[in-house]
Amino acid sequence: MQESLSAWQLIASGDATLFAIVRLSLMVSLSAAAIAGLVGLPLGAILALTRFPGRNAVIVVLNGFMGLPPVVVGLAVYLLLSRSGPLGALGLLFTPTAMIIAQSLLVLPIVAALARQTIEDLWTEYGDELTAMGVGPSGRVATLLWDGRFSLITAMLAGFGRAAAEVGTVMIVGGNIEGFTRTMTTAIALETSKGNLPLAMGLGLILIGLILVINAAAWGVRVWSEQRAG
């Protein structure tokens, strides 16, 4: 109880260390989810609307990548950005940019796979109409993404939730450097191992609260939009 009280006191006092970690975590997770959405939503739609040899294999691989081990993604990005790697000259390793890249790769299959299923269901329903109207491939993608925007919010929320809760990936490519690459999840792991439970609990409470607030806000926007759209 005393540790829980101390956690709430840290939050109420506006502890600078705590809120710097929160700001970085939000920046990294939201950026990764946005990038994954920009790439994954059109990719999922294209995969849903295109027929080609090996398509089923691609879908199986994409669905399988939804469960990618985070440490494997972190290792791959680490090797890519390390000094001996192909992109080592950019000097991105152990920076927030590296964390965003890694989380984007982790979230991308989730967004793309859920978008593919949503768009494929919509195509089954509206495919004949769009074909009869002579809508081209790019028009079909745009139309069905717009029509499925409410359902696709769920895909984006799933991606954000995966990014916000991630530890292994950002630990490997970010290094958990205090004041620079330390996120809420990596800080919770570190502070717990150090026995600093008030800070760890404070970060945990904020993390849960932020995820609930963002999901509630997205749900509210969806309900409001659906009501306006009739």
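Residues numbered from 1 in each chain as written. Predicted model: local features only at pLDDT ≥ 70, side-chain atom pairs only at ≥ 80, totals over all residues. Heavy atoms only, no water.

## What to know about the overall build of the chain
For the chain, the helix and strand inventory stands at 10 helices and 0 strands. Its C-alpha atoms put the chain at 65 × 50 × 25 Å along the principal axes. Taking all 230 residues of the chain together, the buried fraction comes to 40%. Taking all contacts inside the chain whose residues are at least 6 apart in sequence as the whole, residues at least 24 apart take part in 75%. Accessible surface computed for the chain: about 11,900 Å², of which carbon and sulfur atoms make up 68%. Mean positive and mean negative side-chain charge positions of the chain (12 and 12 charges, respectively) differ by 6 Å. (Helix = DSSP H or I, 4+ residues; strand = E, 2+ residues; numbered from the N terminus. Buried < 20%, exposed > 50% of the residue type's maximum accessible area, 1.4 Å probe, protein only. Contact = heavy atoms within 4.5 Å. Areas by Shrake-Rupley, 256 points an atom, 1.4 Å probe, with all protein chains shown as cover. Lys, Arg positive; Asp, Glu negative; His and termini not counted. Charge placed at Lys NZ, Arg CZ, Asp CG, Glu CD.)

## With respect to the side chain of S104
Along the polypeptide, S104 turns up in helix 5 (residues 96–132). The buried category is assigned to S104, whose relative accessible area is 8%. Looking at S104, its side chain comes within polar contact range of the main-chain oxygen of I100, at 2.7 Å. The residues touching S104, leaving out its near neighbours within four places in the chain, are A32, I35 and A36. (Polar contact = N/O pair within 3.5 Å; in protein donor to acceptor, adjacent residues only side chain to side chain.)

## Digging into the nonpolar core
Membership of the largest hydrophobic core comes to 17 residues, with the highest contact counts inside it found for L41, I119, L144 and L145. Taken together, the elements giving at least two residues each to this core come down to helix 2 (16–49), helix 5, helix 6 (137–147) and helix 7 (149–164). A total of 6 residues in this core trace back to one element, the largest contributor, which is helix 5. Those residues in contact with L144 that sit more than four places away from it in its chain are L49, I119, L122, W123 and L130. If you look at the next biggest cluster of nonpolar residues, it comprises 13 residues, including L93, A98, I100 and L106. (Core = buried A, V, L, I, M, F, W, Y, C linked by side-chain atoms within 4.5 Å.)

## Describing helix 4 (residues 70–81)
Spanning 12 residues, helix 4 covers 16 Å between terminal C-alpha atoms, matching the ideal 16 Å at 1.5 Å per step. Of the positions making up helix 4, those classed as buried are V73, G74, V77 and L81. All buried residues of helix 4 project into a common sector of 100 degrees when viewed along the axis, lining one side. (Expected span 1.5 Å × (residues − 1). Arc of directions from axis to C-beta.)

## Details of unusual backbone geometry
The phi dihedral of F94 is positive, around 65 degrees, even though this residue is not glycine. With a relative accessible area of 32%, F94 lands in the partly exposed category. Positive phi is not limited to glycine here, since N176 has a value of about 55 degrees.

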